[in-house]
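Structural features, examined
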Amino acid sequence: MATKIRDYAKLAADIREAVGPDNIISAANCATRLRLVLKESPSAEVTQKISEMPAVIKVMENGGQYQIVIGTHAKDVYEEMAKLMGDTAGAEAAEVKQGLFNRIIAAMSAVFAPFIYILAAAGLVQGMLIIITHFAPAFAETGTYAVLSFISWTPFTFMPIMIAVTASKHFKCNTFIAMWCCMALTNPDWGSIAARIADGETIKFLGLPMAQTTYTSSVLPPLFLVLVLSYLERFLNKYVPDIAKALVVPFISAIVMVPLTILVIGPVSDAVAMGIANAYNFLANNVPAVAALLVGGIWQVFVIFGVHWGVTPMNVANFAKYGCDSFQAFQTCAVIAQAAACFGVVLKTKKKDMKSVALSAGLTGIFGITEPAIYGVTLRLKKPFVAGCIGGASSSTPASASASAASGTSSNDSTTLTLAINADILTTDPQALNNGTTTSVLYNVFSNLVKYDDAGEIVMDLAESYELLEDQVTWEFKIREDAVFHDGTPVTAEDVAWSLTRVMTDESSSDYMNFSPLAEAVAVDDYTVHVVSKDPYPIMLQL
């Protein structure tokens, strides 16, 4: 039976001694597991001995790793293990033969486990803001809201840099070179270049046209970048003279890997992530009940085998493209169902020690960590685990109706689109300081001069054509003559010029800073508008 401990150093030393100090290739940890890569698998007697150590919940071998489930103290035990291993904790060793699937799962776990709860904490901040603004809408107009909002989005925006840190340790390459390359991908200057490409401009690197893929919040592009970088770095370290390595290796690595990612790795890996996400979304959109039933019912089985990290790129791809992900909603139902099964054990069991363990595991499960619940309670007793899976499936299925609505479903009126959102909008003024929900709704209510289609291409919206005039600062837009307001009043160039001028001159406007490079907007005739920038502004269409 697992017991709470404080002597992490002793547990780490006992585990190391049991598996053999010379048998350990590397060590890592996730939220609840100490993960060892071993030269040889320990005997059943050794595994049994470790499983009986204080605080050890379960021991398993999966994904090419010897996984010791400890619970929330896993990080503390890993830190003590790293001290004992010294420089060999992350050192290269003889290659361990693993299947492709095992290598993928091991990589996903090593890369995402260290910061997955940073993302979860950021999500809690976002949830807190949603709750506060629901009861106090005016809070969304404060500076406090603005600061907390960008804090909550920062880990997602700069995720490639976090991936650079963890992936470089897993693939055994220089962390700072990996960070440099990934920071280059998230540099706003690349965002500006990508926007110009999206606007139709052809920009080449050494004669090769670059794609418009952007990398903030991306997962697979930085992951594959670091993987390829690890091979390039080993090649360079082998052939570059020692006296020049410190300077030449990072120099060549950066000028090779960043363009290679922009030209090849990024577009290909982004397409793979979107392909996986689209396959799941096809199922979720066409038979959402089946998707919910499967995810809610078998998610905890994925957790048992430690392969649950493999869906992270799909989750991130969905958030990047749609701003939501139904998979995580169904997954949450499965997690809460296991926690509820623990609370059921608390109510039913007469054993004091089991009651204590079940209560602790259930509370931990509410915050998304279900390994203590599974290995310490429900799986041991079998029926509670099955009941938790059934609960996850049955609670996910009705939730699928909301997921379907969130994807956009039509009512009987062909002109009406019904959407399910998580909070009321705060205003119908698109230039008021809005939260994410309000912005998402108003984006679909008001028209822009131009917009992006599903393929990321610029298409006409309120304008029927546009042209950059010879002075390189004046953009001429021709307004559609059939455009009308909701009450049937025709839209004229004066209306467009007034709206743009308001944004440029009203410092309280949410887009005031974005429009600061513009000088004026003038109606030339009833359906022609000239928008003039202070200097040449190639990304003007993004506004």
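Residues numbered from 1 in each chain as written. Predicted model: local features only at pLDDT ≥ 70, side-chain atom pairs only at ≥ 80, totals over all residues. Heavy atoms only, no water.

Turning to the overall build of the chain, a few remarks are in order. Helix and strand counts for the chain stand at 19 helices and 14 strands. Considering the chain as a whole, with its 543 residues, one finds that 44% of them fall into the buried category. Contacts in the chain between residues at least 24 apart in sequence constitute 62% of all its contacts with a sequence separation of at least 6. When the accessible surface of the chain is totalled, it reaches about 28000 Å², and 62% of it is carbon and sulfur. (Helix = DSSP H or I, 4+ residues; strand = E, 2+ residues; numbered from the N terminus. Buried < 20%, exposed > 50% of the residue type's maximum accessible area, 1.4 Å probe, protein only. Contact = heavy atoms within 4.5 Å. Areas by Shrake-Rupley, 256 points an atom, 1.4 Å probe, with all protein chains shown as cover.)

Turning our attention to the environment of Thr397. Locating Thr397 in the fold gives a position in helix α17 (residues 383-406). The exposure class of Thr397 is partly exposed, given its relative accessible area of 26%. For Thr397 and Val290, which are 107 residues apart along the polypeptide, the C-alpha to C-alpha distance reads 7.7 Å. Residues within four places of Thr397 in sequence aside, it is in contact with Ala289, Ala292 and Leu293. In terms of polar contacts, Thr397 uses its side chain to reach the backbone carbonyl oxygen of Ala393, at 2.8 Å. (Polar contact = N/O pair within 3.5 Å; in protein donor to acceptor, adjacent residues only side chain to side chain.)

What follows concerns the nonpolar core. Ile163 and Val226 are the most contacted members of the largest nonpolar core, which has 38 residues in total. Taken together, the elements giving at least two residues each to this core come down to α4 (100-112), α7 (159-171), α8 (175-185), α9 (188-198), α10 (220-239) and α11 (242-286). A per-element tally of this core places α10 first, with seven residues. Among residues more than four places away in sequence, those in contact with Ile163 are Val111, Phe112, Phe115, Ser168, Ser218, Val219, Pro222 and Leu223. If you look at the next biggest cluster of nonpolar residues, it comprises 26 residues, including Ala463, Ala493, Ala497 and Leu518. (Core = buried A, V, L, I, M, F, W, Y, C linked by side-chain atoms within 4.5 Å.)

A sheet is described by the order of its strands in space; here four strands give the open sequence β11-β12-β14-β13, paired in antiparallel fashion. In the strand order of this sheet, the two ends are held by β11 (463-468) and β13 (518-525), each with one partner. Across this sheet, the average inter-strand angle for adjacent strands is 20 degrees, counted without regard to direction. (Pairing = 2+ DSSP bridges. Axes fitted to C-alpha atoms, helices over the stretch in contact; angles between N-to-C directions.)

Attention shifts here to the pairing of strand β4 (residues 65-69). Buried residues dominate β4, accounting for five of its five residues. Burial along β4 is two-sided: the residues Gln65, Gln67 and Val69 and Tyr66 and Ile68 are all buried. By the bridge criterion, four bridges tie strand β2 (residues 33-38) to β4 in an arrangement that is antiparallel. Directly across from Leu34, in β4, lies its bridge partner Ile68.

If charged atoms from side chains of opposite charge come close, those side chains can pair. By the definition in use, this model includes six salt bridges. Residue Lys83 pairs with Glu80 through a salt bridge whose shortest N-O separation is 3.5 Å. Of this pair, Lys83 and Glu80 both sit in helix α3 (residues 74-85), three residues apart, which is roughly one turn of the helix. The shortest N-O distance in the salt bridge between Arg480 and Asp482 comes to 3.0 Å. Residue classification places Arg480 among the partly exposed residues on the basis of a relative accessible area of 28%. (Salt bridge = Lys/Arg side-chain N within 4 Å of Asp/Glu carboxyl O.)

Taken together, the side chains of Glu464, Glu481, Glu494, Asp525 and Asp526 define an acidic patch exposed on the protein surface. Mapped onto the fold, Glu464 is located in strand β11. (Patch = residues over 30% accessible without salt bridge, like charges linked within 9 Å, V, L, I, M, F, W, Y side chains within 5 Å. Lys, Arg positive; Asp, Glu negative; His and termini not counted. Charge placed at Lys NZ, Arg CZ, Asp CG, Glu CD.)

A cluster of nonpolar side chains, namely Val228, Phe251, Ile255, Val256, Leu260, Val264, Val268, Val272 and Ile276, defines an oily patch on the protein surface of about 710 Å² accessible area. Relative to the elements of secondary structure, Val268 occurs in helix α11.

Once that is clear, we can look at the pairing of strand β14 (residues 528-533). With respect to burial, β14 is a largely interior element, six of its six residues being buried. Neither face of β14 is left uncovered, since the one carrying Thr528, His530 and Val532 and the one carrying Val529, Val531 and Ser533 both have all their residues buried. When β13 meets β14, the two strands line up antiparallel, connected through six bridges. Bridging across to β14, Val522 finds its partner in His530.

The residue Leu206 is not glycine, and still its phi comes out positive at about 50 degrees. Tracing the backbone through its elements, the reader meets Leu206 in the loop between β5 (204-205) and β6 (208-209). Exposure remark for Leu206: the relative accessible area of 75% places this residue in the exposed category. At Gln472, a position not held by glycine, the phi torsion is positive, near 65 degrees.

Let's shift gears to the confidence of the model for the chain. Should the pLDDT be low somewhere, the predicted coordinates at that spot are not to be read in detail. The predicted model of the chain has a mean per-residue pLDDT of 80, with 83% of residues at 70 or higher. Taking the mean pLDDT of every element in the chain, the minimum, 42, falls on strand β7 (residues 409-410) and the maximum, 94, on α8. Note on residues 1-5: pLDDT under 50 across the span, and eleven contacts to partners over four residues away in sequence or across chains. Throughout residues 90-96 the model reports pLDDT below 50, and contacts reaching past four residues in sequence, or to other chains, amount to ten contacts. (pLDDT = per-residue confidence, 0-100.)

Attention shifts here to the packing of helix α6 (residues 143-157) against α7. For the pair α6 and α7, interaxial distance at closest approach is 5 Å and the crossing angle is 50 degrees. Here α7 runs oblique to α6, going by the angle between their axes. Contacts between α6 and α7 pair Pro155, Phe156 and Thr157 from the former with Met159, Pro160 and Met162 from the latter. Its residues assigned to classes, the contact of α6 with α7 shows five nonpolar, one polar and no charged. (Parallel < 35°, antiparallel > 145°, perpendicular 65-115°, else oblique. Nonpolar A, V, L, I, M, F, W, Y, C, P; charged D, E, K, R; others polar.)

Turning our eyes to something else, we now look at the packing of aromatic side chains. Under the criterion given, the structure shown has five aromatic pairs. Where Phe139 meets Tyr145, the ring centres are 6.0 Å apart and the plane angle is 85 degrees; that geometry is what we call edge-to-face. Summarising the burial analysis for this pair, Phe139 and Tyr145 share the class buried. Seen in terms of ring centroids, Trp299 and Phe327 are 5.6 Å apart; in terms of plane orientation they differ by 85 degrees. Their pairing is edge-to-face. With a gap of 28 residues between them, Trp299 in helix α12 (residues 288-304) and Phe327 in helix α14 (residues 326-348) connect regions that are remote in the sequence. Chaining the aromatic ring pairs together yields one cluster made of Tyr466, Trp475 and Phe477. In this structure, Arg234 is placed above the aromatic ring of Tyr231, and the distance from its NZ or CZ to the ring centre is 5.0 Å. (Phe/Tyr/Trp six-rings, centres within 6.5 Å; stacked < 30°, edge-to-face > 60°. Lys NZ or Arg CZ within 6 Å of the ring centre and 35° of its normal.)

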